[in-house]
Amino acid sequence: MEEQIKQRIFSGDMLRYDDQFALNEAYHGLWDHLDPLFNYKPYWPFTNHAAILHLHGPKPGNLEAMTSGQWHGEDHTSIFFGKMLNASSRHYLDWCVWLGDFLQTMDFSEAIRFARLASALTRYRREVPANADRNFMNIKIFTEAP
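Let me begin by describing the structure that accompanies this report. Since this is a predicted model, take the numbers as computed values, not measurements.

Counting 18 residues, the largest nonpolar core has Leu-85, Tyr-92 and Leu-121 as its most contacted members. Of all the secondary structure elements, the ones that give two or more residues to this core are α3 (60-67), α4 (76-102) and α5 (108-124). It is α4 that provides the largest number of residues to this core, a total of eight residues. When sequence neighbours within four positions are dropped, the list of residues in contact with Tyr-92 reads Pro-42, Tyr-43, His-56, Pro-58, Leu-63, Met-84, Leu-85 and Leu-121.

Below you can see the structure in the form of structure tokens.
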């Protein structure tokens, strides 16, 4: 893994800094599939059976900026995150409501943060047609070949 990271840093190719690509190459053939419930994404439909919610894509701070109109990035990641939220705003809303409730006895300030974010998502919500193109979210975490 360390060798993969060094190669990326010294290559000068900014697109090759992606950690997932380094993991794919360094551990090719040495991994196994994980049950999706142990790597559940917030843009998937809510389920209380998920063991681990992987905040893949926009993080809470990104969502706060997006819902408050302070998200103005024109770079690839900003555009991608905007599409993720617009295509799955209902799922993000459901997860924020659940996290706001779940965290009340563990971290009240974070519970309040997610409750506020849920409220902002309710106002922000974009309706996306049922046949909207969501292919941009078909991300391969590990590829079968390097």
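Before going further, it helps to examine the packing of aromatic side chains. Applying the stated criterion across every chain, the model contains nine aromatic pairs. Seen from their ring centres, Phe-46 and Trp-98 are 6.1 Å apart, and the 50 degrees between their planes marks the pair as tilted. Taken together, the positions of Phe-46 in the loop between α2 (19-26) and α3 and Trp-98 in helix α4 put the pair 52 residues apart, joining distant regions of the chain. Look at Phe-46 and you get partly exposed, because its relative accessible area is 31%. Centroid distance Trp-95 to Trp-98: 5.8 Å. Interplanar angle 80 degrees. Geometry classified as edge-to-face. On the criterion of helical spacing, the pair formed by Trp-95 and Trp-98 is a turn pair, its members being three residues apart in helix α4. Classification of Trp-95 as buried rests on a relative accessible area of 3%. Each residue in the set Tyr-40, Tyr-43, Trp-44, Phe-46, Trp-95, Trp-98 and Phe-102 is aromatic and connected to the rest through ring pairs, giving one cluster.

Across all of its chains, the model carries three salt bridges by this definition. Between Glu-64 and Arg-113 there is a salt bridge, and its shortest N-O distance comes to 2.7 Å. Of this pair, Glu-64 sits in helix α3 while Arg-113 sits in helix α5, and the two are 49 residues apart along the sequence. Through salt bridges with shared partners, a single network forms among Glu-64, Glu-110 and Arg-113.

It is worth spelling out empty space enclosed by the protein at this point. Counted under the stated rule, the structure contains one cavity of 30 Å³ or more. In this structure, the largest cavity spans a volume of roughly 60 Å³. Around the largest cavity sit Pro-42, Leu-55, Pro-58, Lys-59, Pro-60, Leu-63, Tyr-92, Trp-95, Cys-96, Leu-99 and Phe-114, which together line it. Of all the secondary-structure elements, those providing two or more residues to the lining of the largest cavity are α3 and α4. Ranked by the residues each element gives to the lining of the largest cavity, the list is headed by α4, at four residues. Taken together, the residues of the lining of the largest cavity break down into ten nonpolar, no polar and one charged.

Attention shifts here to the side chain of Ser-88. On the secondary structure map, Ser-88 appears in helix α4. Using a relative accessible area of 3% as the deciding quantity, one classes Ser-88 as buried.

This next bit is on a nonpolar patch on the surface. On the surface, a cluster of nonpolar side chains totalling about 640 Å² of accessible area is made up of Met-1, Ile-5, Ile-9, Phe-10, Tyr-27 and Leu-30. Along the chain, Tyr-27 falls in the loop between α2 and α3. A relative accessible area of 37% places Tyr-27 in the partly exposed class.

How each quantity is defined
Think of each chain on its own: its residues are numbered from 1, step by step along the sequence as written. Since the coordinates come from a predicted model, pLDDT governs what is reported: local features require at least 70, and pairs of side-chain atoms require 80 or more to be given and counted, while whole-chain, interface and lining totals use all residues. To get the side-chain values, take all heavy atoms of the structure and skip hydrogens and water. In this description, a nonpolar core means a group of buried Ala, Val, Leu, Ile, Met, Phe, Trp, Tyr and Cys residues linked to one another through side-chain atoms lying within 4.5 Å. Under the scheme applied here, a residue whose accessible area is under 20% of the maximum for its type counts as buried, over 50% as exposed, and between as partly exposed, the area being computed with a 1.4 Å probe on protein chains only. Under the DSSP-based scheme used, a helix requires at least four consecutive residues in state H or I and a strand at least two consecutive residues in state E, with every element numbered from the N terminus. We call two residues in contact whenever any of their non-hydrogen atoms come within 4.5 Å of each other. Two aromatic rings from Phe, Tyr or Trp, using only the six-membered ring of Trp, form a pair when their centres are within 6.5 Å; if the ring planes differ by under 30 degrees the pair is stacked, by over 60 it is edge-to-face, and anything between is tilted. Counted as salt bridges are all cases of a side-chain nitrogen of Lys or Arg within 4 Å of a carboxyl oxygen of Asp or Glu. Here a cavity means grid points, on a 1 Å grid over the protein atoms only, where a 1.4 Å probe fits yet cannot get out; a pocket means an open set of points with protein on both sides within 12 Å along at least five of seven lines; lining residues are those with an atom within 4 Å of a point. Grid points are joined across faces, edges and corners, and a volume is the space filled by probe spheres set on the points. Gly counts as polar in this scheme, as do all residues outside two lists: the nonpolar Ala, Val, Leu, Ile, Met, Phe, Trp, Tyr, Cys and Pro, and the charged Asp, Glu, Lys and Arg. Note that patches include only residues with greater than 30% relative accessible area and no salt bridge, and the join distances are 9 Å for like charges and 5 Å for nonpolar side chains (Val, Leu, Ile, Met, Phe, Trp, Tyr). The Shrake-Rupley method, run with a 1.4 Å probe, gives the accessible areas here. Residue values count only the displayed protein chains as cover.

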